[in-house]
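Summary of the model geometry
Now for the letters of each chain:
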Amino acid sequence: MNFHQLKIFYTVAQHQSITAAAFDLRLTQPAVSQQIKALEKELGIALFERGGPKLRLTQAGEAFYRCTVTILHAKDEAERIIAELGVATKGKLILGANTTGGMYLLPRVVRAFKEGYPETEIIFQIESTEWLYEKILENVVDLAVVGGPTEDRRFGVEAICLDRLALIISPSHRFANLSKVSLKDLKGEPFVVPTQGSRTRQLVERELKAAGITPNVVMQLMGTEAVKRAVAANLGIAYVSQYAVEREGLPAELKVISVGDFELQRNMELIYRNHKYFSPVAERFREFLHAYARRHLPAPRGAKRAVLKAVR
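What comes next is a walk through the structure. (Residues numbered from 1 in each chain as written. Predicted model: local features only at pLDDT ≥ 70, side-chain atom pairs only at ≥ 80, totals over all residues. Heavy atoms only, no water.)

So, on to helix α2 (residues 18-25). Buried within α2 are the following residues: Ile18, Ala21 and Ala22. The buried residues of α2 occupy one face: seen down the axis, they fall within an arc of 100°. Residues of α2 that are buried in the fold lie against α1 (3-15) and α3 (29-43). The backbone nitrogen of threonine 19 has a side-chain oxygen 3.2 Å away, supplied by the residue at the start of α2, namely serine 17. Arginine 26, located one to two residues past α2, shows a positive phi value of around 60°. (Buried < 20%, exposed > 50% of the residue type's maximum accessible area, 1.4 Å probe, protein only. Helix = DSSP H or I, 4+ residues; strand = E, 2+ residues; numbered from the N terminus. Arc of directions from axis to C-beta. Contact = heavy atoms within 4.5 Å. Polar contact = N/O pair within 3.5 Å; in protein donor to acceptor, adjacent residues only side chain to side chain.)

Turning our eyes to something else, we now look at the environment of arginine 229. If you trace the backbone, arginine 229 turns up in helix α8 (residues 224-232). Separated by 103 residues in sequence, arginine 229 and isoleucine 126 place their C-alpha atoms 20 Å apart.

Quick look at the nonpolar core now. If you look at the biggest cluster of nonpolar residues, it comprises 39 residues, and the most contacted ones within it are Leu93, Leu143, Phe285 and Leu289. Here this core gets seven residues from one element, more than from any other, and that element is helix α10 (residues 280-296). (Core = buried A, V, L, I, M, F, W, Y, C linked by side-chain atoms within 4.5 Å.)

Before going further, it helps to examine the pattern of salt bridges. In total, this model carries 11 salt bridges according to the counting rule given. Between aspartate 152 and arginine 154 there is a salt bridge, and its shortest N-O distance comes to 2.7 Å. Note that arginine 286 and glutamate 283 form a salt bridge whose closest N and O atoms lie 3.2 Å from each other. In this pair, arginine 286 and glutamate 283 both sit in helix α10, three residues apart, roughly one turn of the helix. Under the relative-accessibility criterion, glutamate 283 is labelled buried at 5%. Beyond isolated ion pairs, a larger network of salt bridges with shared partners links Glu158, Glu283 and Arg286. (Salt bridge = Lys/Arg side-chain N within 4 Å of Asp/Glu carboxyl O.)

Next comes the structure, spelled out in structure tokens:
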């Protein structure tokens with residue numbers, strides 16, 4: 001087994017076709033088929049189900065595919081790190097973030113970082129936290145900013161800043177003329193929430209239920225901006241990150257209202273694969289992120305600012 005065979009297997013699995021993979025790899029179809037058969041013979045198991053219009057991975061093939069992704073990305077990462085050694089301002093960094101981190105927090109940090117280090121190439125991916133966990137473990141993503149807590153010991157976790165959740169309503173809502181409401185006022189109120197898997201939704205539902213309130217969910221939408229638009233149309237009320245309503249001033253069609261002494265908070269966290277080697281570019285950005293947070297963002301709850309130690 002070698003990297004050449006793994007690359008061929010990966011490409012065939014991606015395309016579900018020997019023909020398409022051969023075209024992509026600039027190889028002949030017999031050459032691709034021969035390498036797949038050799039790999040299956042060496043492993044002693046079939047990797048693809050044959051006979052249909054498309055090749056489909058067997059159960060063993062799916063497991064081997066996940067391993068292949070990790071191996072190939074580790075190879076790419078090793079080559080990238082070697083190329084970047086000693087040149088901390090050049091190179092490529094792959095950043096990930098959940099909706100809150102990606103839309104409202106990291107862009108300002110990345111913009112400030114690029115002003116000082118314009119030669120650094122940054123690839124920025126906004127995805128669900130669960131997706132980011134998977135891609136960090138596969139070495140597809142270098143660093144990610146997500147809403148905490150992250151308790152999986154496979155990840156290194158550094159608290160970046162505090163995030164308070166704000167309850168937003170429409171100016172047409174019956175609460176609009178009140179300075180604050182109580183928790184019992186929320187009973188039966190229609191809630192607009194992000195889709196299942198959202199860490200914000202999990203926090204809101206967990207803490208409200210602990211306080212004796214079961215949210216009356218009437219709508220679930222993809223992303224915070226969609227939630228804000230639904231609230232603006234007075235289709236319900238919602239909790240969103242403070243960062244989603246503070247940067248450019250609260251839109252006229254939305255209003256923030258306090259809920260007695262009830263407060264929802266979490267830390268925004270920088271996560272990465274535990275024991276990860278930080279390239280010079282990744283280490284530079286990590287240091288910059290913490291420095292930026294100390295100057296411009298609220299201190300994380302129940303955690304001191306990270307004391308950075310280079311991972312080598």
